[in-house]
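The lines below spell out each chain.
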Amino acid sequence: MINNIVLPFVLNEGNIRGRMCKLSTVLDRILNAHDYPLPIAKLLGELLIATAIIGEMFKSKHLITLQIKSEGLVQLMIADYFADGKTRGFAKFDVEKLKKNEKLDFNDLIKNGILTVTLDQGEGTDIYQGIVALDGEDLSESIKKYFISSEQINTEIKIALGQDLTDGTPKWCGGGIMIQMLPTENFEDEWQKNQLFINTISVSELIDPNLSAEYLLYRLFHEEGVWVDQAKVVNFGCRCSRERFHTFLKAIPSLELPNYIVDGKIIFTCEFCSNNESFTEQDL
Ligand SMILES: [Zn+2]
């Protein structure tokens, strides 16, 4: 069983760099905390994988967030990846539209959508934000377009997600691979060759929890040579706490407070992890 990791690697003597991600139990922890319909859970899982890969590619020092907003079924979807390898995510979606749609494709989910990439390097730094229209066949294609059009970085990316049903209980498993080459580095032939290699990786290989990232990289690139660095372990981690909810509560104008009170209590639920905290009027 493969753990939750992002593995950095380089190709072509360091001129092409990449990240491979494999997530399993972290996806279960995040996706099972909500009762999302399958297409929503699947897209959120892909977004979490993409966020971890991009966070490690950018060498994020604090937090990277990928956010989807759309007029399709997905109203809002957020995945956070912190520099310490902690990740979390949630989705809001249109239940009515979901009921009407039996067969969904990517466009039904993210119609007229935009993907926002926010890089927060911590206190005292400017927040960097990039935006791209979501279209194409899947999330990978939109992310590739984002890097090529907004960042002018040659990018190839493939993400896949599935469920392992071998022991009767569905377990999420997913994987992703991304390579990038800066435009200043002129290795077009090598780039195209490696792009082709990435496109030979199958969905089942990417999601198979028993195939390690190292094995897959060797399978893809052994003829050209691939160098891997130390894998980063990814964990679930939320930043919510009773103190944070309390601070938030204190900011609500007292006249509005009765609107939030049910049976003498205000209950806060964290959208990311579904953690509940209950406050009485005396707590305020
Ligand atoms: Zn939380």
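Residues numbered from 1 in each chain as written. Predicted model: local features only at pLDDT ≥ 70, side-chain atom pairs only at ≥ 80, totals over all residues. Heavy atoms only, no water.

This brings us to the overall build of the protein. Across its full length, the protein carries 9 helices and 14 strands. Relative to the globule expectation of 19 Å for 284 residues, the C-alpha radius of gyration of the protein, 20 Å, shows essentially globular dimensions. Principal-axis analysis of the C-alpha atoms places the extent of the protein at approximately 70 × 50 × 35 Å. Pairs at least 24 residues apart make up 62% of the contacts formed inside the protein by residues separated by at least 6 positions. Taken as a whole, the protein presents about 14400 Å² of accessible surface, with 50% of it coming from carbon and sulfur. (Helix = DSSP H or I, 4+ residues; strand = E, 2+ residues; numbered from the N terminus. Rg over C-alpha atoms; globule rule 2.2 N^0.38 Å. Contact = heavy atoms within 4.5 Å. Areas by Shrake-Rupley, 256 points an atom, 1.4 Å probe, with all protein chains shown as cover.)

Looking at where M178 falls in the secondary structure, it is placed in strand β9 (residues 171–181). It is 8.9 Å that separates the C-alpha atoms of M178 and A50, two residues lying 128 residues apart in sequence. Each residue touching M178, except ones within four places of it in the same chain, is listed here: F9, R17, G18, R19, I53, I54, M57, F147, T155, E156 and I157.

Our next topic: the nonpolar core. In this structure, L43, L66, I68, M77, L139 and I143 are the most contacted members of the largest nonpolar core, which totals 62 residues. Sort the elements by how many residues they give to this core and helix α2 (residues 38–57) lands first, with 12 residues. Among residues more than four places away in sequence, those in contact with L139 are L43, E46, L47, A50, I68, F106 and L134. Judged by nonpolar contacts, the second largest core, of 22 residues, contains F9, M20, M181 and L220. (Core = buried A, V, L, I, M, F, W, Y, C linked by side-chain atoms within 4.5 Å. Buried < 20%, exposed > 50% of the residue type's maximum accessible area, 1.4 Å probe, protein only.)

Donor atoms from the polypeptide that coordinate the zinc ion comprise C238 (SG), C240 (SG), C270 (SG) and C273 (SG), at 2.2 to 2.3 Å from the metal. Classification of the site at the zinc ion rests on its 4 donor atoms, whose angles at the metal span 101 to 118°, yielding the label tetrahedral. Sequence positions of the residues that donate to the zinc ion give the spacing C-x1-C-x29-C-x2-C. Here C238, found in the loop between β12 (235–236) and α9 (242–250), pairs with C270, found in the loop between β13 (265–269) and β14 (276–280); they are 32 residues apart in sequence, far enough to count as distant. Residue class for C238 comes out partly exposed when judged on its relative accessible area of 22%. Residue C270 is classed as buried on the basis of its relative accessible area of 7%. (Donors = N, O, S within 2.8 Å, 3.2 Å for Na, K, Ca; no water. Tetrahedral: all angles 85-135°; square planar, octahedral: opposite > 155°, others 65-115°.)

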